[in-house]
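Analysis of the macromolecular model
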Amino acid sequence: MPATPKVSVITAVYNGELYLEQTIQSVLAQTYPNIEYIVIDGGSSDGTVAILHQYSSDLAYWVSERDQGIYDAWNKGVQAATGDWIAFLGADDLLFPDAIALYIKEIEGKDLEFVSSRVELVTNDLAHLLDYGRPWKWETHKHQMKVSHVGAFHHRSLFERFGLFDTSYKIAGDYEFLLRPGASLKTHFIPKVTAKMRATGVSSTGTKVFREAQRAKHETGKLPAWRCAVDYYYYLAKNAVVGKLRSLLRGRKEARENQ
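Residues numbered from 1 in each chain as written. Predicted model: local features only at pLDDT ≥ 70, side-chain atom pairs only at ≥ 80, totals over all residues. Heavy atoms only, no water.

1. As for the pairing of strand β6 (residues 114-122)
Most of β6 is tucked away: 7 of the 9 residues are buried. Here 2 bridges tie β6 to strand β8 (residues 153-155), and the two strands are oriented antiparallel to one another. Its bridge partner being in β8, Phe114 is matched across the sheet by His154. Bridging between β6 and strand β9 (residues 187-198) involves 9 bridges; their strand directions are parallel. Residue pairing for β9: Val115 is matched across the bridge by His188. Inspection of the sheet shows β6 paired to strand β7 (residues 128-132) by 4 bridges, in the antiparallel sense. The residue of β7 that forms the bridge with Val119 is Tyr132. From the end of β6 to the start of β7, which pair antiparallel, there are 5 residues, and Leu126 there has a positive phi angle of about 70°. (Buried < 20%, exposed > 50% of the residue type's maximum accessible area, 1.4 Å probe, protein only. Helix = DSSP H or I, 4+ residues; strand = E, 2+ residues; numbered from the N terminus. Pairing = 2+ DSSP bridges.)

2. A few points about the packing of aromatic side chains
If you walk through the whole model with that rule in mind, you get 12 aromatic pairs. Geometrically, the ring pair formed by Tyr71 and Trp74 is edge-to-face, given 5.4 Å between the ring centres and 85° between the ring planes. Taken together, the residues Tyr71 and Trp74, both in helix α3 (residues 70-80) and 3 residues apart, mark about one turn of the helix. Relative accessible area serves as the criterion here: at 4%, Tyr71 is assigned to the buried category. (Phe/Tyr/Trp six-rings, centres within 6.5 Å; stacked < 30°, edge-to-face > 60°.)

3. Topic: helix α1 (residues 20-28)
Within α1, the full set of buried residues consists of Leu20, Thr23, Ile24, Ser26 and Val27. An end-on view of α1 places all buried positions within 160° of arc, on one side of the element. Here the buried face of α1 lies against β1 (7-13), β2 (35-41), α2 (48-54) and β5 (94-95). (Arc of directions from axis to C-beta. Contact = heavy atoms within 4.5 Å.)

4. Quick word on the pairing of β2
Counting buried positions over the 7 residues of β2 gives 6, a clear majority of the element. Looking at chain direction, β1 and β2 are connected through 7 bridges and run parallel. Of the residues in β2, the one forming a bridge with Val9 is Tyr37. In this region the chain leaves β1, passes through α1 and returns to the parallel neighbour β2; the handedness of that crossover is right-handed. As paired strands, β2 and strand β3 (residues 61-64) are joined by 4 bridges and run parallel to one another. Within the sheet, the bridge partner assigned to Asp41 lies in β3 and is Ser64. (Right-handed = clockwise from strand over helix to strand, strands pointing away.)

As structure tokens, this is what we get:
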């Protein structure tokens, strides 16, 4: 591995003119020097393509054409990437300026395939909601994805060994991909926040994510079908109870405020 390994950052976008320029600027502002930035647009009809033309000299590769969703776009990005490490950044997410330099410092001298960190979940106007992301542990991961995928590093050997993302998944394809190596995945966790992730986009629909995750666990043979079904209905029941409690507490709070 060279002293300054090349890092490929891939962004998939579709009609993302509202935040895309902020995302691009957060990559261009990185303190680490050896980065190639790849943007795959799904044939946007808003101002996205104009932004890509504006920054074309700063991009290693970009294309605007119809695709089959985010994982199809990511696959195109992976196929275009030449980096030793590959990271994925949403079209409305932001990297902290020293994020990639921190990743490189952490992985130096280690035999790793997947490295993740903590991410700050924010509103559209970047107000803090919570920090998210835990260390990857197989006993946890085979039941539920707790790692943050935003900006996480994937060694290119992962794609050489396990192929590309399964485009039949619309939301949980990144989870399914990390199920394939199983317990053999060589990982590292950085207990620092390296990115801001807006609480929007396809991954904001929790029930759909969970349903696809259950399918992934069954199809990859990580959990039997009966266990997936039990987990799914437990998830629905728990969310129903939590939702009812939150509604009740809101009602009591509003009643006190109106007294």
